[in-house]
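Listed below, chain by chain, are the residues.
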Amino acid sequence: MTNQENIINNIIIFVKKTLKDAEGGHDWFHIERVYKNALLISRTEKVDVFVVALGALLHDIADSKFHDGDESVGPKVASDFLLELNVDHGTIEHVVKIIENISFKGGNERQKFTSPELDVVQDADRLDAIGAIGIARCFNYGGFKNRVLYDPEIKPNLNMSKEAYKKSTAPTINHFYEKLLLLKDRMNTKTGKLVAGERHEFMLHFLNQFDKEWNGVL
């Protein structure tokens, strides 16, 4: 086993343990899907696959939405653990930047860092937010936060600030319009764009069916 493989195996053990009681949409299985998708996308991109792997495995190690909105927790947890594994400082800094810049943040927040590796991990994460699994995760989180499914009187807000987005308590269906349906056009890689197109259409079909059933249309 190479040193990089040993590091990745140790991170997997760490992430599984850390997220063993996590909300179902942000648990180890979410991390595993993002990790696999990131490796798949990397095949057609010129990237440092080791950085991609670490970024994917640690991107949600302490999601700010579960830490009172504190965005510093995740990067610190990741950095501290990578230091314990004697990962070089350049790699750690890159992984931290990925964690700090991967999230959607309401769509109106400018991304402060870019790299091919971030592009890959971000696409892999966004793919898990759309399609059939994206729908399941969306409603799971809505239930976790005790949000209503839908309220026709509460319209989606497409112009939220970062802070307003983080504090939103809007119905679960609104999240499709405020984030999920926007992701297709924000993909970075060729593979990401291709897969996102199919999953986007699936969500549109779901929302159309939801609307029919809500309104009693046969």
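These notes cover the structure that comes with them. (Residues numbered from 1 in each chain as written. Predicted model: local features only at pLDDT ≥ 70, side-chain atom pairs only at ≥ 80, totals over all residues. Heavy atoms only, no water.)

### Focus on the overall build of the chain
Let me state the cut-off plainly: Counting from the N terminus, the helices are DSSP H or I runs at least four residues long and the strands are E runs at least two residues long. Values of the radius of gyration come from C-alpha atoms, whereas the globule rule sets the reference at 2.2 Å times the count of residues to the power 0.38. Three labels apply to residues, based on accessible area from a 1.4 Å probe with only protein chains included: buried if under 20% of the type maximum, exposed if over 50%, partly exposed otherwise in between.
The helix and strand inventory of the chain stands at 10 helices and zero strands. Walking the chain from its N terminus toward its C terminus, one meets helices and strands in the order α-α-α-α-α-α-α-α-α-α. The C-alpha atoms of the chain give 18 Å as radius of gyration, which agrees with the globular expectation for 218 residues (17 Å, within 12%). Along the three orthogonal principal directions, the C-alpha set of the chain runs to about 60 × 35 × 30 Å. Looking at the 218 residues of the chain, the share that counts as buried comes to 46%.

### As for the nonpolar core
The line we're drawing: We define the nonpolar core as a collection of buried residues of types Ala, Val, Leu, Ile, Met, Phe, Trp, Tyr and Cys that are connected through side-chain atoms lying within 4.5 Å of one another. Residue contacts follow a heavy-atom distance rule, with two residues in contact if any of their heavy atoms lie within 4.5 Å.
Core analysis: the largest hydrophobic core is formed by 56 residues, its most contacted members being Ile11 and Leu58. Broken down by element, this core gets its largest block of residues, eight residues, from helix H3 (residues 49-58). The residues contacting Ile11, other than those within four sequence positions of it, are Leu54, Leu57, Leu58, Phe81, Leu82 and Leu85.

### A closer look at the environment of Ile98
Inspection of the secondary structure assignment puts Ile98 in helix H5 (residues 89-101). The exposure class of Ile98 is buried, given its relative accessible area of 0%. Along the chain, Ile98 and Phe210 lie 112 residues apart, while their C-alpha atoms are 35 Å from each other. Every residue in contact with Ile98, bar those within four places of it in the chain, is listed here: Val51, Gly55, Glu117, Leu118 and Val121.

### Structural notes on helix H1 (residues 3-18)
Because the α-helix completes a turn every 3.6 residues, residues three or four places apart line up on one side. As a reminder, the rule being used: A helix is expected to span 1.5 Å multiplied by its residue count minus one. Of all possible arcs, the one meant is that of the directions from the helix axis to the C-beta atoms.
For H1, with 16 residues, the first-to-last C-alpha span of 22 Å sits near the 22 Å given by 1.5 Å per residue. Those residues of H1 that fall on the buried side of the exposure criterion are Ile7, Ile8, Ile11, Ile12 and Val15. For H1, the angular spread of buried residues about the axis comes to 140°, placing them on one side. Residues Asn3, Ile13 and Lys17 are exposed on H1 and point more than 90 degrees away from its buried face. Residues of H1 that are buried make contact with helix H2 (28-42), H3 and helix H4 (73-84).

### As for the side chain of Ser79
Looking at the element boundaries, Ser79 is found in helix H4. The contact partners of Ser79, leaving out residues within four places of it in the chain, are Ile92 and Val96.

### Observations concerning the environment of Pro156
Relative to the assigned elements, Pro156 resides in the loop between helix H7 (131-144) and helix H8 (162-167). Classification of Pro156 as partly exposed rests on a relative accessible area of 36%. Taking the C-alpha atoms as reference, Pro156 lies 6.3 Å from Tyr177; in sequence the two are 21 residues apart. If near-sequence neighbours (up to four positions away) are discounted, Pro156 is found in contact with Asn174, Tyr177 and Glu178.

### Section: the packing of aromatic side chains
Rules: Here is the rule: rings of Phe, Tyr and Trp (six-membered ring for Trp) pair when centre to centre is within 6.5 Å. Planes less than 30 degrees apart are stacked, more than 60 are edge-to-face, and the remainder are tilted.
The final tally for this structure, using the stated rule, is nine aromatic pairs. Taken together, a centroid distance of 6.1 Å and an interplanar angle of 45° make the contact between Phe206 and Phe210 tilted. Taken as a pair, Phe206 and Phe210 lie in helix H10 (residues 190-214) at a separation of four residues, close to a single helical turn. Classification of Phe206 by relative accessible area gives partly exposed; the value is 23%. Three or more aromatic residues joined by ring pairs form one cluster here, namely Phe139, Tyr150, Phe176, Phe206, Phe210 and Trp214.

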